[in-house]
Amino acid sequence: MSEVSAYPSDWRATTLGALADYVNGYPFKPRDWTTVGLPIVRIAQMTDVTVAFDYFADPLPPDYRIDSGDLLFSWSATLTALIWQRGPAYLNQHIYKVIPKNGSNLGFLHHLLNQLIDPLANQSHGTTMKHITRGDLLPYPVTVPPLAEQSRIAAVLDTVDEAIAKTEAVIAK
């Protein structure tokens, strides 16, 4: 008897590391913070738009710079992925800038990472403050559709997320 695949035949088995590069943020110290320059994005600014920024005035290598439309993945304590929409900034440590590789859709990766947070956290380090290490993240196995289908899936999930956000806003009123 042949085994039936749970995925269509054009989907491929791969790993999270094969889908994207994960660039960790800069290890800012409180003494680095200023009131001018580019904002420093820490986990607090990712999860709450009302939290004030600290700034860094000196230039850093471009790997640490983010802009609207970049995918961020917080891998320590508060685990989340989001598409940054608040303009140019520098990325703090404990957050990856996720750079899709050829054949990977940014929006699909965003939803995939959020879907995998619990399974990744369950194999991660720490008891009260979870840390998803590169060693756990990069080889994590996934099965993904072709690029065009990734785009369609991401668009549908984005629409659902928007509807949920609007509903939550109405409920909050």
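Residues numbered from 1 in each chain as written. Predicted model: local features only at pLDDT ≥ 70, side-chain atom pairs only at ≥ 80, totals over all residues. Heavy atoms only, no water.

J.: So what exactly am I meant to see when it comes to the nonpolar core here?
T.: General note: in soluble globular proteins, nonpolar side chains tend to be found buried as a group. Ranked by internal contacts, the top residues of the largest apolar core, which has 25 residues, are Leu16, Phe73, Val98, Leu113 and Leu137. Of all elements in the fold, only helix 1 (16-19), strand 2 (20-24), strand 6 (71-74), strand 9 (95-100), helix 3 (106-122) and strand 10 (141-144) reach the threshold of two or more residues within this core. Examining the composition of this core, we find that eight residues originate from one element, helix 3, more than from any other. Not counting residues up to four positions away in its chain, the partners in contact with leucine 137 are Leu16, Gly17, Tyr22, Phe73, Tyr96, Leu113, Leu120 and Ile132. Ile66, Leu72, Trp84 and Ala89 belong to the second-largest nonpolar core, a separate cluster that totals 11 residues. (Core = buried A, V, L, I, M, F, W, Y, C linked by side-chain atoms within 4.5 Å. Buried < 20%, exposed > 50% of the residue type's maximum accessible area, 1.4 Å probe, protein only. Helix = DSSP H or I, 4+ residues; strand = E, 2+ residues; numbered from the N terminus. Contact = heavy atoms within 4.5 Å.)

J.: Any chance you could explain the sheet that holds strand 2 here in plain terms?
T.: Sheet strands pair via backbone hydrogen bonds, and the direction of the pair is either parallel or antiparallel. With respect to topology, four strands assemble into an open sheet ordered 2-9-6-7, the strand pairing being antiparallel. With one partner strand each, in any of the chains shown, strand 2 and strand 7 (80-83) form the two edges of the open sheet. Strand-to-strand twist in this sheet, taken as the mean axis angle between neighbours without regard to direction, amounts to 25°. Its contacts with the sheet place helix 3 against strand 2, strand 6, strand 7 and strand 9, and it is angled at close to 160° to strand 7. (Pairing = 2+ DSSP bridges. Axes fitted to C-alpha atoms, helices over the stretch in contact; angles between N-to-C directions.)

J.: Can you help me understand a nonpolar patch on the surface in this one?
T.: Together, Val156, Val160 and Ile164 line one region of the surface with nonpolar side chains, adding up to about 240 Å² of accessible area. By the element assignment, isoleucine 164 lies in helix 5 (residues 147-172). Overall, isoleucine 164 belongs to the partly exposed group, its relative accessible area being 41%. (Patch = residues over 30% accessible without salt bridge, like charges linked within 9 Å, V, L, I, M, F, W, Y side chains within 5 Å. Areas by Shrake-Rupley, 256 points an atom, 1.4 Å probe, with all protein chains shown as cover. Salt bridge = Lys/Arg side-chain N within 4 Å of Asp/Glu carboxyl O.)

J.: Please explain the environment of aspartate 158 as it appears in this structure.
T.: Within the element layout of this structure, aspartate 158 appears in helix 5. For the pair formed by aspartate 158 and histidine 111, sequence separation is 47 residues and the distance between their alpha carbons is 8.6 Å.

J.: Honestly, the side chain of asparagine 105 in this entry has me stumped. Any pointers?
T.: Note that asparagine 105 resides in the loop between strand 9 and helix 3. Setting aside residues no more than four positions away along its own chain, asparagine 105 makes contact with Leu147, Gln150, Ser151 and Ala154.

J.: I tried to follow the packing of aromatic side chains on my own but got confused; where do I start?
T.: Any pair of aromatic rings gets described here by the distance separating the centres and the angle formed by the planes. Taken as a whole and judged by the stated rule, the model has 11 aromatic pairs. Taken together, a centroid distance of 5.2 Å and an interplanar angle of 75° make the contact between tyrosine 26 and tyrosine 64 edge-to-face. Of this pair, tyrosine 26 sits in the loop between strand 2 and strand 3 (38-41) while tyrosine 64 sits in the loop between strand 4 (54-56) and strand 5 (65-66), placing them 38 residues apart in sequence. One Lys or Arg, arginine 42, reaches over the ring of tryptophan 33 and ends 4.8 Å from the middle of that ring. (Phe/Tyr/Trp six-rings, centres within 6.5 Å; stacked < 30°, edge-to-face > 60°. Lys NZ or Arg CZ within 6 Å of the ring centre and 35° of its normal.)

J.: What exactly am I supposed to notice about the packing of helix 3 against helix 5 here?
T.: Packed helices, taken two at a time, are described by the angle between their axes plus the distance between the axes. Two numbers describe how helix 3 lies on helix 5: the axes approach to 8 Å, and their chain directions differ by 60°. Relative to helix 5, the element helix 3 lies oblique. Between helix 3 and helix 5 lies a crossing whose hand is left-handed. In contact with Gly107, Phe108 and His111 of helix 3, helix 5 contributes Gln150, Ile153, Ala154, Leu157, Asp158 and Asp161. (Parallel < 35°, antiparallel > 145°, perpendicular 65-115°, else oblique. Left-handed = near helix turned anticlockwise from the far one by under 90°.)

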